[in-house]
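Letter by letter, the chains look like this.
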Amino acid sequence: RPAARGAAAVHGEHREALDVLEEALTRADEQRDAGRNDGGEGGDDALPERALVLGAMAEVAYKKSDLDGANAFAERALNAAPRAPVAFRLRVKNTLGKVVYGREAYGPAEAAFTENLRLAEEEGLEPEAVLARINIGLARHRLGRHEEAREILERALTAARAAADLANEAFALLNLGTI
């Protein structure tokens, strides 16, 4: 029963997080609309607050196992910021890849994460590249390609250690332990 109570508590925390984010989204929309009412463009920023909130909502919905919600919020986040920095787009696309993975479509998930890795490496965004490598490793493991999974997870681990990225170092180690 403690595990059930723990899961319920986490679910409650995610619900609270979504409530806070929905309020933030409403405020961002109100500010945007007020800017338009004053004759301003109201969306001139390359990464508007609305997109940031939608991206966060996508991740929270994913953590709640609401794959449809996560997908919808992520798509809205990308649409809300067509000129967003590559790092933001990669984080949102990572969520979209996790949605595909969560639907047990491991081949398409691997393809999405591989595209993220290509773009992250092209742009020199190592934290996003580490995350993509970890997720590629997870997908390859689910596809039964254990040696390839181990190799890319080891690359992720090495890069995470070099960047002193303790969270992704732990995540890479955890996943290496399952292979």
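For the structure itself, look to the data block above.
Within each chain, residues carry numbers counting from 1 in the order of the written sequence. Since the coordinates come from a predicted model, pLDDT governs what is reported: local features require at least 70, and pairs of side-chain atoms require 80 or more to be given and counted, while whole-chain, interface and lining totals use all residues. Each side-chain value is derived from all of the structure's non-hydrogen atoms; neither hydrogens nor water enter the calculation.

(A) Representation of the overall build of the chain in the model. Secondary structure assignment for the chain yields eight helices and zero strands. Along the chain, helices (α) and strands (β) appear in the sequence α-α-α-α-α-α-α-α when read from the amino end. For the exposure calls, accessible area comes from a 1.4 Å probe over protein chains only, and a residue counts as buried if that area is under 20% of its type's maximum, exposed if over 50%, partly exposed in between. Each of the 179 residues in the chain was classed as buried or not, and the buried ones make up 39%. Restricting to contacts in the chain with at least 6 residues of sequence separation, those with at least 24 account for 56%. For the chain, the accessible area works out to roughly 9,800 Å², and carbon and sulfur atoms hold 53% of it. Secondary structure counts use DSSP, requiring at least four H or I residues in a row for a helix and at least two E residues in a row for a strand, with both numbered from the N terminus. Whether two residues are in contact is decided by their heavy atoms: any pair within 4.5 Å suffices. Using a 1.4 Å probe, the Shrake-Rupley method yields the accessible areas, and only the shown protein chains count as cover for residues.

(B) Local environment of the environment of arginine 83. Of note, arginine 83 is situated in the loop between helix 3 (67–80) and helix 4 (86–102). Each C-alpha atom of the pair arginine 83 and leucine 47 lies 7.1 Å from the other, and the pair is 36 residues apart in sequence.

(C) Looking closely at the packing of aromatic side chains. Working definition: rings of Phe, Tyr and Trp (its six-membered ring) pair if their centres are within 6.5 Å, and the pair is stacked with planes under 30 degrees apart, edge-to-face with planes over 60 apart, and tilted otherwise. Under the definition given, this model contains one aromatic pair. Centroid distance tyrosine 101 to tyrosine 106: 5.0 Å. Interplanar angle 65°. Geometry classified as edge-to-face. The two residues tyrosine 101 and tyrosine 106 agree in class, both being buried.

(D) Examining the pattern of salt bridges more closely. Definition used for salt bridges: Asp or Glu carboxyl oxygen within 4 Å of a side-chain nitrogen of Lys or Arg. Within the structure shown, the criterion is met by 16 salt bridges. One salt bridge connects arginine 133 with glutamate 121, and the closest N-O pair in it is separated by 3.0 Å. On the criterion of sequence distance, the pair formed by arginine 133 in helix 6 (residues 126–142) and glutamate 121 in helix 5 (residues 106–123) is long-range, its members being twelve residues apart. For arginine 133, a relative accessible area of 6% puts it in the buried group.

(E) Spotlight on the nonpolar core. For the purposes of this section, nonpolar cores are sets of buried Ala, Val, Leu, Ile, Met, Phe, Trp, Tyr and Cys residues that join through side-chain atoms within 4.5 Å. Membership of the largest hydrophobic core comes to 24 residues, with the highest contact counts inside it found for Leu90, Tyr101, Phe113, Leu117, Val130, Ile134 and Ile136. Put simply, the parts of the chain that give this core at least two residues each are helix 4, helix 5, helix 6, helix 7 (146–162) and helix 8 (166–176). Element by element, the count of residues in this core is highest for helix 6, at seven residues. Leave out the neighbours within four places in its chain, and isoleucine 136 touches Glu110, Phe113, Thr114, Leu117 and Ile152.

(F) Local environment of unusual backbone geometry. With a phi angle near 65°, glutamate 104 is a residue other than glycine that sits in the positive phi range. Residue placement: glutamate 104 occurs in the loop between helix 4 and helix 5. For glutamate 104, a relative accessible area of 59% gives the class exposed. The residue alanine 164 is not glycine, and still its phi comes out positive at about 55°. Summarising the element assignment, alanine 164 is placed in the loop between helix 7 and helix 8. Taking the relative accessible area as the measure of exposure, alanine 164 reaches 60% and is therefore exposed.

(G) Layout of the packing of helix 4 against helix 6. Helix 6 packs onto helix 4 with a crossing angle of 10° between their chain directions and a minimal axis gap of 10 Å. Between helix 4 and helix 6, the angle falls in the class roughly parallel. Regarding helix 4 and helix 6, the two cross each other, and that crossing is left-handed. Contact residues: Ala87, Leu90, Arg91, Asn94, Lys98 and Tyr101 in helix 4; Pro127, Glu128, Leu131, Asn135, Leu138, Ala139 and Arg142 in helix 6. Between N-to-C directions, angles cover 0 to 180 degrees, with each direction set by a line fitted to C-alpha atoms, over the stretch in contact for helices. Orientation labels follow simple angle bins: below 35 degrees gives roughly parallel, above 145 gives roughly antiparallel, 65 to 115 gives roughly perpendicular, and whatever is left gives oblique. Put simply, a crossing is left-handed when the front helix is turned counterclockwise from the back one by less than a right angle, and right-handed when it is turned clockwise.

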